[in-house]
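# Overview (structure and organization)
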Amino acid sequence: MGLAKRIIPCLDVTAGRVVKGVNFVGLRDAGDPVEIARRYDEQGADELTFLDITASSDERDLILHIIEDVAAQVFIPLTVGGGVRSVDDVRRLLNAGADKVSINTSAVTNPQLVNDASARFGSQCIVVAIDAKQVSAEGEPLRWHVFTHGGRKDVGLDAVEWAKEMERRGAGEILLTSMDRDGTKIGFNLELTRAVADAIGIPVIASGGVGNLDHLVDGVLKGHADAVLAASIFHYGEYTVRQAKEHMARHGIEVRL
Amino acid sequence: MTRIAVVDYGMGNLRSVSKALEHVAPYASVVVTGDPDEVAKADKVVFPGVGAMPDCIRELESRGLKQAVLEAAAAKPFLGICLGMQALFGHSEEGNVDGLSILPGAVRRFPVEALVDDKGERLKVPQIGWNQVHQAMRHPLWEGIADGARFYFVHSYYVEAGSPELVAAFTHYPFAYASAVARGNLFAVQFHPEKSQAAGLSLLGNFVAWDGAC
């Protein structure tokens, strides 16, 4: 027995509420972030991820108060991402109670931020989020590019190579989201997940597309993910985190029960 | 009122440590402090830390905290966490510096090439997540915590204890290493009790109740 694979519920937060959309559009209200965080903690979540998808900058500080409230009540690791542009943004989130900060668009526009933030706070708290979409045509070898702006902008970088570069620059973990799958509930993009997980020496969190518990099992066994992230299957009460863990354990995956 | 000092030497966020202590010890006074006098006045000392060893040692010295930490470690119930455990030992491969050398042993990097588990799977560095902590001695800090309970780890370096009597618990990644050490009034853990849910809060509660004897 050794290190357990992790289940990480993800909370997309805007204007102080948890929401969930399909392919990054069509948001639905899913509740109060502190209440939801407590529920997942009680169910045995291994970590929680908060993505601040607030569009306007004047509402940005709301996430800091939410993290402060959650961190005072929930004693498991908290990752926060969304709109992180500077070392000072990282510092403010860590001071509010985040254990890790996830950097997405800014890692593309300013990769030096990954070096600077990991040198300042340690690699263990710097997660780089990669949103990837398949760009190879039918019949070609599979290729994925990094996308920004909620999956609308192809920045022309190969996702696997980008993950390696992020590792070199000091990322401690990669949060890998398949933009083709996000919100679809048809399962992780296993080829993408495996290609990235096998190419780097830091942990990979698989994200995007979970619709049932077998998808979580596949993410680990076929995608080689170290952790699996899901939102909607937990938010609307389809499954509890505990059910997900028991299901994974039945498939021979080591989990914290 | 019991005074618990959480030593702040600029290495990472200590809010979660203090929040967890306040949660288990609502009647204690928990202070996050970089003042050597506050550390000296405290009844118990928690020495946390995330980040890199060279910065840790440099910051302790430049802030005048090294002596206060050495004195606390010699006399009071003292809990090292993560980097705060590693810093108690001698030479560290991280930055090739010496720690406080309070305990015999060294700090090594996980050898990436050798990290293959029994299923042939390559293990990642840093180790991130919940691993089992196998208790190697009876100790008041293990009170009420199941042998083999899982705690949350985040680290790329581990302690190679210089003496087997120090090892309070071990963890496999994939080889066994010391995930907790104890000697007299000292207890130190590689994992993060403040992030380890019920098991972690139990350990912190036990520390608050501990008089430093074993």
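To be clear, the structure that these remarks concern was listed above.
Everything in this summary refers to the structure shown in the same document. Remember, it's a predicted structure, so these values are computed and weren't measured experimentally. Along every chain, residues carry numbers that run from 1 in the direction the sequence is written. As a convention, the first chain written is A and the first ligand written is 1, with the rest following in written order. Where local features are concerned, this predicted model is filtered to residues with pLDDT of at least 70; where side-chain atom pairs are given and counted, the filter is 80 or more; whole-chain, interface and lining totals use all residues. The side-chain figures draw on all heavy atoms in the structure; neither hydrogens nor water molecules are used.

Here a residue-residue contact requires only that any non-hydrogen atoms of the pair lie within 4.5 Å. Of the residues lining the interface, 30 residues belong to chain B; the matching set on chain A comes to 40 residues. What makes a salt bridge here is a side-chain nitrogen of Lys or Arg within 4 Å of a carboxyl oxygen of Asp or Glu, nothing more. Seen at the junction of chain B and chain A, the total is four salt bridges. One salt bridge connects Arg-150 of chain B with Glu-254 of chain A, and the closest N-O pair in it is separated by 2.8 Å. What qualifies as a polar contact is a pair of N or O atoms within 3.5 Å, subject to a donor-acceptor requirement within protein and to the restriction that residues adjacent in sequence count only when both atoms come from side chains. Across the chain B-chain A interface, the total number found is 21 residue pairs in polar contact (both at pLDDT 80 or more). Secondary structure elements follow DSSP: runs of H or I of four or more residues count as helices, runs of E of two or more count as strands, with numbering from the N terminus. Elements supplying a minimum of two residues to the side of chain B that touches chain A: helix 1 (15–24), strand 8 (127–132), strand 10 (150–155) and helix 6 (197–209) of chain B. Ranked by residue count, the leading element in the side of chain B that touches chain A is strand 8 of chain B, at six residues. By the convention adopted, Pro, Cys, Tyr, Trp, Phe, Met, Ile, Leu, Val and Ala count as nonpolar, Lys, Arg, Asp and Glu as charged, and the other residues, Gly among them, as polar. Classifying every residue of the side of chain B that touches chain A gives ten nonpolar, eleven polar and nine charged.

Residue and element names in this part refer to chain A. By the alternation rule, side chains of strand 12 (residues 227–230) split into Ala-227 and Leu-229 and Val-228 and Ala-230, which are all buried. Note that strand 1 (residues 6–14) and strand 12 share four bridges and pair parallel. Paired with Ile-7 across the bridge in strand 12 is Val-228. For two strands to be treated as a pair, DSSP must find at least two bridges joining them. Sheet topology note: the strand 11 (residues 204–207)/strand 12 ladder contains two bridges and is parallel. Following the sheet pairing, Ile-205 is matched in strand 12 by Ala-227. Burial here depends on accessible area, computed with a 1.4 Å probe over protein chains only, as a share of the maximum for the residue type. Under 20% is buried, over 50% is exposed, and the range in between is partly exposed.

Attention now goes to the environment of Met-1 of chain A. Among the secondary structure elements, Met-1 of chain A is positioned in the segment before strand 1. Sequence spacing of Met-1 of chain A and Glu-254 of chain A is 253 residues, and the spatial spacing of their C-alpha atoms is 7.5 Å. With sequence-adjacent residues up to four places away left out, Met-1 of chain A is seen in contact with Glu-254 of chain A together with Gln-132, Arg-150 and His-172 of chain B.

Let us now look at the environment of Ile-8 of chain A. Residues and elements named next belong to chain A. Following the sequence through the fold, Ile-8 ends up in strand 1. A C-alpha to C-alpha distance of 16 Å links Ile-8 and Glu-238, two positions 230 residues apart in sequence. Leaving out residues up to four positions away in the same chain, Ile-8 has contacts with Glu-47, Leu-48, Thr-49, Ile-205, Ala-227, Val-228, Leu-229 and Ala-230.

Relative to the helices and strands, Ser-156 of chain B resides in the loop between strand 10 and strand 11 (157–161). Excluding anything up to four places from it in sequence, Ser-156 of chain B contacts Arg-108, Arg-109, Phe-110, Val-125 and Pro-126 of chain B.

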